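Residues per chain are reported as follows:
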Amino acid sequence: MARPETPSHGLSLLILAFFLGIAATNQDGPYLDDNSPTKSTADHHDESLLLNSDSLPIFLEEPQDSYVVKNRPAVLKCRAAHALKLYFKCNGAKNVETSKFDFVDPQNGVRIMEAETNVSRDMVEEFFGKDKFKCECYAWSGRGSIKSQSATIDVAYMKKTFEENPMSTRVEMGHQTELRCVPPVGVPPPRIYWLQGAQPLQPDTSVLVSTEGHLLIGEARAQDTNNYTCVAENIAAKRMAPPAEVIVYVNGGWSPWSPWTECRCPGATLSSGKMSTRTCTHPPPSNGGLPCQGLSVRKTKDCITCPQVEPARWSQWSEWSHCNSDCLKTRRRQCILGNGQGRRTCNGKDTQTTSCSSEQCRSMELSRVREANLENTKNDIAIYIGVTVAVFFVSMLSFFLTRMYWKKNRHQSLYNMASNDYHPEFFPEQDKKSLSLQPDLTQTVPPCYEYPYTTPATSVTRSVSEHHYDVPHLTSGSDIQMSPATSSTLESSSGKRSQLSGFTNNSDSTYEVATESVTLPLPAAYAVTPTTSGNYTSATVTHSGAFLNLLESGVSLVVPEGAISRTKKQELFLSILNEDCFRPKLAENLTQLSPVVSCGPNISLNKSVVLRIPHCAELSRNNWSISVLQSDCSDSQWQNAVTLGQETINTSVFCQLDKDAGYLVTDCLSRFVIVGQSTNGMALKRLKLAVFAPKLCFQSSVDYSIRVYVLEDTDSSMETVFGQEKRLGGYLLGEPRSIVFQDGGSNLCLTLDNLSEGWKTKPCSNYQEIPFRHLWQASSNSLHCSFTLESYEISRCLNFKIRVNQKGFEYHQTFDITCKDDSDISISKTSSGKVVPKITIQSETNRNDTKKMIDFGHSPKSAKFKEEVKMTKNLIVTDRGVSTCDDFNFRLSRQLRKQLCQCLDPPTPRGNDWRMLAHALSVDRYINFFATKPSPTDCILDLWEARNRQSNALTELKQIFSDMERFDAVNILDNCLGPNWL
């Protein structure tokens with residue numbers, strides 16, 4: 001690099017150059033060529049710019065478009081004058097490493113800087129912008145900076161497969177033909193040339209290459225018969241298409257007729273008539289050309305025809321026969337007799353016999369021995385199989401008989417065992433717990449079917465007037481899991497004793513009294529208190545997969561086929577945790593949008609499962625930031641599993657958020673809950689309103705308490721409320737309703753008015769407000785407020801209205817309720833004018849009872865639920881709710897799914913592969929999650945199975961394949977499902 005010039009020396013050079021320029025402009029013709037013109041104005045301008053150090057930098061060389069070839073980076077060069085700093089910037093933001101050097105031009109003393117940078121393949125491939133990867137050169141001086149033209153850098157490549165290969169062809173001599181060749185896709189576009197044989201094709205007037213790269217033969221010649229190879233080449237690669245053969249064929253042509261000659265047969269002395277001949281030699285047919293058409297001989301009418309004499313001859317030898325037992329093989333031929341005076345017989349033999357080779361003889365002997373051994377082995381195997389099957393059946397029969405004998409001797413029915421017959425020392429420890437009789441006799445129950453709930457004891461009150469044989473046998477406590485809260489409830493209630501009204505049972509048998517009511521304890525698994533109640537189901541899952549569904553709550557778990565190893569069986573559970581202690585403690589700006597769902601145990605899965613969790617977020621305005629929190633079942637610490645819109649390829653949970661529910665695709669079974677944060681303070685969530693009150697006939701005082709519950713609007717949110725009201729003796733007044741609640745700090749207002757005569761509210765108690773923070777960050781599943789009414793005269797009817805709205809908003813819900821002492825509660829109209837059917841209450845509120853104490857009339861939700869209950873085979877109705885654990889029939893069989901994955905997993909140039917399927921099913925919000933799976937199509941179809949359980953799901957899937965123009969996938973559906981699957 002040149003040594004930097006001192007300022008004084010550079011100034012003197014500039015002054016000298018300035019005066020030399022003036023002198024040159026004042027010179028006359030002797031210093032110029034008489035025949036050359038003077039310098040143009042542009043040249044003067046450029047030179048003045050170079051010499052003027054006070055101007056902006058001037059680019060002498062700008063970067064040009066370049067390519068990255070394999071691992072060789074693209075090199076960009078830039079040169080500028082009057083620049084103090086020269087550097088490259090790519091994509092408008094990124095400063096790349098630049099090597100630069102400068103020197104002073106000895107001709108004019110101008111300082112010139114040069115810069116050079118390397119753009120690697122990783123830099124280009126890691127850029128995900130809409131435009132291509134571009135770089136510019138920036139030159140800076142004290143007067144300012146300028147930018148060069150943009151240089152585009154691409155990764156040079158060329159695919160291996162030609163878009164269209166040349167095809168072999170046949171062409172008649174003198175005609176034209178074309179060999180089409182469309183090169184592979186490549187950057188930069190590949191150059192096409194042809195090889196004739198192994199040498200480059202030399203185009204001439206008859207053979208040339210078009211601008212598109214096709215080979216054109218204008219007039220085929222004999223020397224044009226050859227193999228032609230299309231070659232595509234660019235700076236990245238060179239590809240050769242399969243050679244195409246061009247055959248130039250010639251059709252035969254007749255020669256001129258020969259002179260006329262006399263017709264004379266061989267051996268004859270006299271001639272009769274004349275004849276003339278011609279041959280097919282002008283030209284002769286070649287390369288499969290057509291022979292000449294017509295006669296090769298012409299005769300006069302008196303020309304006699306000579307008879308043809310054919311001698312006898314042998315036919316071709318037949319193929320050699322197989323070696324016989326003597327290790328010999330034979331072949332034969334036939335004698336074809338001649339005519340005329342030729343020989344009538346053939347000389348020689350018509351049969352030949354020869355010995356087989358030694359190897360063939362040995363293989364034949366081995367084959368005979370092998371066949372004999374195989375026959376003996378088959379007979380032995382049949383005997384062994386018969387003996388094994390017999391031993392197996394005898395062993396199984398003995399096992400079952402022994403097991404039945406042990407059960408009969410060890411287990412005695414609880415309902416047939418008197419207390420003096422129970423000897424704990426003869427039973428195992430687990431059976432002692434399940435067979436110990438600890439009846440809760442603390443409650444005297446009148447002989448009727450209306451059982452008021454008075455204590456939280458986990459017992460079942462039963463009228464002994466019913467028959468005894470429908471009571472199930474109590475199972476061992478070790479077979480069913482029990483929560484600690486349930487255990488404590490049982491222990492607290494076991495110490496109580498019941499007094500039967502007017503009768504004392506002194507018998508050893510539990511069911512010897514037929515005129516009174518007794519109370520038996522429930523097994524531990526069925527002992528559910530209001531603080532621990534919830535929905536629960538479990539199933540034994542195999543390799544075939546399963547579907548765990550909590551029917552009333554809208555929570556389900558799809559375990560796809562193959563998630564469990566083929567040789568294993570796993571007991572899985574699914575439950576909703578409605579207890580307040582399981583709710584996560586959220587930050588100030590977060591709110592819970594779904595119930596806490598627990599599934600487990602946490603085992604290793606081969607495939608992702610799909611968990612459906614309902615939520616109460618209004619997604620129409622797109623102003624939510626939704627997150628999924630995850631917690632280990634053995635730990636209460638919540639962690640953020642995923643935030644929608646912030647996923648990475650390392651995210652273990654994918655969340656597909658629909659209008660009313662979220663679908664979690666995860667490899668880990670644990671606790672999950674959906675939370676949200678308002679992005680602009682305008683987010684909406686749905687709240688559920690429910691009004692409870694006691695019966696008028698239950699009132700022993702003049703006060704009457706009305707409770708209004710405000711909960712998240714999900715199907716499982718009423719679980720805790722029903723348990724709490726069961727203890728209080730309350731009843732649901734009308735069907736629960738929904739109201740939208742907006743972020744922003746406004747409280748929820750509740751107003752009670754339009755009281756009927758004879759009733760009044762306590763002073764200042766007809767209007768209440770629930771603070772915004774108590775609802776947005778609720779820590780309880782039974783948040784409510786109470787209105788207390790006073791009766792100042794005897795009244796058998798109570799009418800009132802409750803109006804609920806958010807402060808500052810017009811939207812509201814109104815309950816118009818009429819209560820009578822005949823246990824009828826009716827609702828006139830809602831605020832929107834819709835009539836709600838009459839509600840009849842027969843007993844205390846117990847939503848999960850199989851006899852349904854509350855009848856919602858003909859409400860659509862109730863009718864839909866009843867229809868689902870009717871259609872489900874294995875329905876479980878307990879104090880924990882309604883659930884199903886029946887076998888789940890996947891709509892797509894394993895073979896059908898495998899064919900669809902093989903069809904849609906490979907990427908296509910048009911993009912109508914698994915990516916378009918994800919877009920059509922609206923699950924492409926973060927499509928990289930599926931790209932990390934071994935089979936993206938398989939994971940998408942698992943999510944489709946969970947989201948689409950309607951009867952026309954397969955029809956819609958077929959229509960999606962048709963819209964994608966993937967008719968091969970449509971044919972796979974039709975072929976595997978049959979013609980009548982629709």
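Quick summary incoming for the structure in this document. (Residues numbered from 1 in each chain as written. Predicted model: local features only at pLDDT ≥ 70, side-chain atom pairs only at ≥ 80, totals over all residues. Heavy atoms only, no water.)

Now for the pairing of strand β40 (residues 653-657). For β40, a buried count of five out of five residues is recorded, marking the element as mostly surrounded by other parts of the structure. With burial as the criterion, each face of β40 is covered, one bearing Val653, Cys655 and Leu657 and the other bearing Phe654 and Gln656. Here β40 pairs with strand β41 (residues 661-666) via five bridges, running antiparallel. Paired with Cys655 across the strands is Leu664, a residue of β41. In this structure, the hairpin formed by β40 and β41 is closed by a connection of three residues. (Buried < 20%, exposed > 50% of the residue type's maximum accessible area, 1.4 Å probe, protein only. Helix = DSSP H or I, 4+ residues; strand = E, 2+ residues; numbered from the N terminus. Pairing = 2+ DSSP bridges.)

Among the ten residues that make up helix α7 (residues 719-728), seven are buried, leaving the element largely enclosed by the rest of the structure. Gly729 sits one or two positions beyond α7 and adopts a positive phi of about 75 degrees.

Glancing now at the sheet that holds strand β1 (residues 58-61). Pairing is antiparallel across the open sheet formed by four strands, whose spatial order is β1-β3-β7-β6. Each edge of the sheet is formed by a strand with only one pairing partner; in this case those strands are β1 and β6 (99-104). On average, each strand axis in the sheet is inclined to that of its neighbour by 25 degrees, with strand direction left out of account. Sheet topology places β1 next to strand β3 (residues 74-81); three bridges connect them, and they run antiparallel. (Axes fitted to C-alpha atoms, helices over the stretch in contact; angles between N-to-C directions.)

What follows is about empty space enclosed by the protein. Under the criterion given, the structure shown has two cavities of 30 Å³ or more. The computed volume of the largest cavity comes to approximately 180 Å³. The wall of the largest cavity is formed by 19 residues, among which Arg583, Gln592, Glu712, Ser717 and Asn781 lie closest to the centre. Among the elements that make up the lining of the largest cavity, the one with the highest residue count is strand β44 (residues 703-712) (three residues). Residue composition of the lining of the largest cavity, grouped by class: nine nonpolar, eight polar and two charged. (1 Å grid on protein atoms, 1.4 Å probe; cavity = no way out; pocket = protein on both sides within 12 Å on 5 of 7 lines; lining within 4 Å. Points joined across faces, edges and corners; volume = space filled by probe spheres on them. Nonpolar A, V, L, I, M, F, W, Y, C, P; charged D, E, K, R; others polar.)

Glancing now at the packing of aromatic side chains. This model, assessed by the stated rule, comprises 15 aromatic pairs. Their ring planes at 70 degrees and their centres at 5.8 Å tell us that Phe392 and Phe393 sit as a pair that is edge-to-face. Among the residues examined, Phe392 registers a relative accessible area of 47% and is labelled partly exposed. Taken together through their ring pairs, the aromatic side chains of Trp624, Phe741, Phe772 and Trp776 make up a single cluster. Note that Lys89 overlies the ring of Tyr138, its terminal NZ or CZ placed 5.2 Å from the centroid. (Phe/Tyr/Trp six-rings, centres within 6.5 Å; stacked < 30°, edge-to-face > 60°. Lys NZ or Arg CZ within 6 Å of the ring centre and 35° of its normal.)

Our next topic: the state of the cysteines. In the structure shown here, the tally under the stated rule is eight disulfides. Bridging Cys323 to Cys356, the disulfide has an S-S length of 1.9 Å. On the S-S bond that ties Cys323 to Cys356, the torsion sits near -120 degrees, and the link is left-handed. Linking Cys323 in the loop between β24 (313-314) and β25 (328-332) with Cys356 in the loop between β27 (351-355) and α4 (358-410), this pair joins segments that are 33 residues apart in sequence. Given the relative accessible area of 18%, Cys323 is considered buried. With a sulfur-sulfur separation of 1.9 Å, Cys335 is cross-linked through a disulfide to Cys346. Because the sign of the S-S torsion sets the handedness, a value of about 80 degrees for the bond joining Cys335 and Cys346 places this disulfide among the right-handed ones. Of the two residues, Cys335 sits in strand β26 (residues 335-336) while Cys346 sits in the loop between β26 and β27, which places them eleven residues apart along the sequence. Judged by its relative accessible area of 16%, Cys346 is buried. Not part of a disulfide, Cys903 finds its nearest cysteine sulfur in Cys901, a span of 9.8 Å. (Disulfide = S-S within 2.5 Å.)

The subject of this paragraph is the pattern of salt bridges. Enumeration according to the criterion identifies 32 salt bridges in this entry. One salt bridge in this structure joins Glu769 and Lys807, with 3.3 Å as the shortest N-O distance. Linking Glu769 in strand β49 (residues 767-770) with Lys807 in the loop between β51 (797-806) and β52 (812-820), this pair joins segments that are 38 residues apart in sequence. Overlapping salt bridges, with partners in common, bring together Lys607, Arg897, Asp938, Asp942, Glu945 and Arg949 in one network. (Salt bridge = Lys/Arg side-chain N within 4 Å of Asp/Glu carboxyl O.)

Relative to the helices and strands, Thr229 is located in strand β18 (residues 226-233). Classification of Thr229 by relative accessible area gives buried; the value is 7%.

As for its placement among the helices and strands, Glu735 is situated in the loop between β45 (731-732) and β46 (737-742). A sequence separation of 45 residues divides Glu735 from Ala690, and the C-alpha atoms of the two residues are 7.2 Å apart.

Coordinates in, geometry out; function isn't part of it.
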